[in-house]
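What follows is each chain in one-letter form.
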Amino acid sequence: MAGILAWFWNERFWLPHNVTWADLKSTSEGSFPQAQDLYLALPLALCIVLARLVFQRFIARPCALSLKIQANGPQRAQPNAILEKVFTAITKHPDEKRLEGLSKQLDWDVHTIQRWFRQRRNHEKPSVLTKFCGSSPFIFIYSPTV
């Protein structure tokens, strides 16, 4: 472990030439940030992430539901294995030639296949409730500063 720490805190990587870690020790004349201060970054980041998740789940979501923001997403496309395979493996936006081939293969109208692809693409988009809950911490933090 000591070897890994020595490699990680190598002066040649972190500091400019002619500067050592000893030069950056805090003295009575002034204080410098210490390398140990970086150890606080990960727990603080985890606390911020947890606070955001708690805010989204227990504050933003109930507020959104009380504002009657829709929790459901767009209409689902009817299940079809062939179209699903084309959608996932080949393209999400088929051209006219591919639409005509699928139309003959499935015995569906081209417009119906276009509608299926549009509904399937829209199904991948997040709902308005999800977007609201994701952006609400930023709205809460930055609105008092405006």
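What you are looking at is a predicted structure, and each value in this text was computed from that prediction instead of being measured. (Residues numbered from 1 in each chain as written. Predicted model: local features only at pLDDT ≥ 70, side-chain atom pairs only at ≥ 80, totals over all residues. Heavy atoms only, no water.)

Draft legend 1. Geometry of the packing of helix α5 (residues 96-106) against helix α6 (residues 110-124). Packing of α5 against α6 leaves a shortest axis separation of 9 Å and a crossing angle of 110°. As summarised for this structure, α5 and α6 are arranged roughly perpendicular, according to the angle between their axes. Here α5 and α6 pass one another in a crossing that is right-handed. Residue-level inspection shows Glu96, Leu99, Leu102 and Ser103 of α5 in contact with α6, the latter providing Val110, Ile113, Gln114 and Phe117. The class makeup of the residues in the contact of α5 with α6 is 5 nonpolar, 2 polar and 1 charged. (Axes fitted to C-alpha atoms, helices over the stretch in contact; angles between N-to-C directions. Helix = DSSP H or I, 4+ residues; strand = E, 2+ residues; numbered from the N terminus. Parallel < 35°, antiparallel > 145°, perpendicular 65-115°, else oblique. Left-handed = near helix turned anticlockwise from the far one by under 90°. Contact = heavy atoms within 4.5 Å. Nonpolar A, V, L, I, M, F, W, Y, C, P; charged D, E, K, R; others polar.)

Draft legend 2. Main features of the layout of surface pockets. Quantified by volume, the largest pocket comes out at close to 270 Å³. Taken together, Trp9, Trp14, Leu15, Trp21, Leu24, Lys25, Pro33, Gln34, Ala35, Gln36, Leu38 and Tyr39 form the lining of the largest pocket. Residue composition of the lining of the largest pocket, grouped by class: 9 nonpolar, 2 polar and 1 charged. One number sums up the size of the second largest pocket: a volume of about 170 Å³. As for the second largest pocket, its lining consists of Ile48, Ala51, Arg52, Phe55, Pro137, Phe138, Phe140 and Ile141. When residues of the lining of the second largest pocket are traced back to their parent elements, those giving at least two are α3 (41-66) and α7 (128-142). Residues of the lining of the second largest pocket, tallied by class, amount to 7 nonpolar, no polar and 1 charged. (1 Å grid on protein atoms, 1.4 Å probe; cavity = no way out; pocket = protein on both sides within 12 Å on 5 of 7 lines; lining within 4 Å. Points joined across faces, edges and corners; volume = space filled by probe spheres on them.)

Draft legend 3. Molecular detail of the packing of aromatic side chains. Under the definition given, this model contains 7 aromatic pairs. Relative to Trp21, the ring of Trp9 lies with its centre 6.0 Å away and its plane at 80°, an arrangement referred to as edge-to-face. Residue Trp9 is found in the loop between α1 (2-8) and α2 (11-14), and its partner Trp21 is found in the loop between α2 and α3; the two are separated by 12 residues along the sequence. By relative accessible area, Trp9 is classed as buried at 17%. Of the residues examined, Trp21 reaches a relative accessible area of 27% and is grouped as partly exposed. A connected cluster of aromatic rings, assembled from ring pairs, spans Phe8, Trp9, Phe13, Trp14 and Trp21. (Phe/Tyr/Trp six-rings, centres within 6.5 Å; stacked < 30°, edge-to-face > 60°. Buried < 20%, exposed > 50% of the residue type's maximum accessible area, 1.4 Å probe, protein only.)

Draft legend 4. Quick look at the nonpolar core. Core analysis: the biggest nonpolar cluster contains 10 residues, these being Ala77, Leu83, Val86, Phe87, Leu99, Leu102, Leu106, Ile113, Trp116 and Phe117. Among the secondary structure elements, those contributing two or more residues to this core are α4 (81-90), α5 and α6. Contacts of Phe87, omitting those with residues within four sequence positions, involve Lys92, Trp116, Phe117, Arg120, Arg121 and Glu124. Within the second largest apolar cluster, 6 residues are counted, among which are Phe55, Ala60, Ile69 and Cys133. (Core = buried A, V, L, I, M, F, W, Y, C linked by side-chain atoms within 4.5 Å.)

Draft legend 5. Structural detail: the side chain of Arg120. Topologically, Arg120 is positioned in helix α6. Polar contacts involving the side chain of Arg120 include one to the side chain of Glu124, which spans 3.5 Å. Dropping the residues within four chain positions of it, Arg120 is found in contact with Ala77, Glu84, Phe87 and Thr88. (Polar contact = N/O pair within 3.5 Å; in protein donor to acceptor, adjacent residues only side chain to side chain.)

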